[in-house]
Amino acid sequence: IRPTTTLALALTVMFSAGCANVYPVSTGSHAKIEPVNPDKPPRAVVWGNHPAVVDAAIQTMQEMNVQVVERARLKEILNEQKVRLTNTSDDEADLLKVGRLLGADQIIFADATVNSKEVQRVVDSYGGLSQAETVYQLNVSVRNVSIETGEVRWSGTATYPKPVTSPDEGL
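Being a predicted model, the structure only gives us computed values, none of them experimental.

### Comments concerning the pattern of salt bridges
Under the criterion given, the structure shown has two salt bridges. A salt bridge links Arg73 to Glu76; the shortest N-O distance between them is 2.6 Å. Placement of both Arg73 and Glu76 in helix H3 (residues 71-80) is noted, with a separation of three residues, approximately one turn of the helix. Its relative accessible area of 36% is what places Arg73 among the partly exposed residues. Take Glu76: its relative accessible area is 39%, and that puts it in the partly exposed class.

Structure representation (structure tokens):
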């Protein structure tokens, strides 16, 4: 996987038509990445907490010629192994174990944080009429973990500097 993956993936996940005037701020880092086996394409499991973010991560990995394990197959193995994910740090160890069973080299964790806040907006120019509106602060974090070593190979985040009105479009 190329080192530029981090920022490309974070930005791909965050850009949308619904937030055309607000652009995300991104950060990232990566370790030197050597192919696990140069004779076969890398194989990855993608896991996250928001469908739009997971879909964007899968699409980006596939564009980079990474074989992505089908989500249905991942859920099948989780059920067979009687793994119940509880959104704790223990989940990551379980996912690494399941990824190993599926023959994956890496796992991509792609998570979104959506915080909402209600704001009052002035509707008329005299300031006498206002309307409540919900706005959202969005943050996406993406990281690639080697299944063999548990090493974080690359990671990145993207955050909108201003609130947006449509979280699904923003993500």
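And the narrative resumes.
### Here's the deal with the packing of aromatic side chains
Here the structure, examined in full by the defined rule, presents zero aromatic pairs. The ring of Trp47 has Arg71 sitting right over it, with the charged end atom 4.6 Å from the ring centre.

### Some thoughts on the nonpolar core
Val46, Val53, Met61, Ile108, Val140, Val142 and Leu171 are the most contacted members of the largest nonpolar core, which totals 20 residues. Breaking this core down by element, the ones donating at least two residues are strand S2 (43-48), helix H2 (51-63), strand S4 (106-122) and strand S5 (130-146). For this core, the element with the highest residue contribution is H2, accounting for five residues.

### Comments concerning unusual backbone geometry
Even without glycine at this site, Asn65 takes up a positive phi of about 65 degrees. As for its position among the elements, Asn65 is in the loop between H2 and strand S3 (67-68).

### Focus on the environment of Arg73
Between the C-alpha atoms of Arg73 and Leu102, which are 29 residues apart in sequence, the distance is 8.6 Å. A polar atom in the side chain of Arg73 sits 2.6 Å from the side chain of Glu76.

### Topic: the confidence of the model for the protein chain
When the pLDDT values of the protein chain are averaged, the result is 79; 76% of them are 70 or greater. Summarising per-element confidence for the protein chain, the mean pLDDT is lowest in helix H1 (residues 5-14) (52) and highest in S3 (92). Across residues 15-19 the pLDDT falls below 50, and counting only partners more than four positions away or on other chains, this stretch makes 13 contacts in the model.

Rules and cut-offs
- Residues numbered from 1 in each chain as written.
- Predicted model: local features only at pLDDT ≥ 70, side-chain atom pairs only at ≥ 80, totals over all residues.
- Heavy atoms only, no water.
- Salt bridge = Lys/Arg side-chain N within 4 Å of Asp/Glu carboxyl O.
- Helix = DSSP H or I, 4+ residues; strand = E, 2+ residues; numbered from the N terminus.
- Buried < 20%, exposed > 50% of the residue type's maximum accessible area, 1.4 Å probe, protein only.
- Phe/Tyr/Trp six-rings, centres within 6.5 Å; stacked < 30°, edge-to-face > 60°.
- Lys NZ or Arg CZ within 6 Å of the ring centre and 35° of its normal.
- Core = buried A, V, L, I, M, F, W, Y, C linked by side-chain atoms within 4.5 Å.
- Polar contact = N/O pair within 3.5 Å; in protein donor to acceptor, adjacent residues only side chain to side chain.
- pLDDT = per-residue confidence, 0-100.
- Contact = heavy atoms within 4.5 Å.

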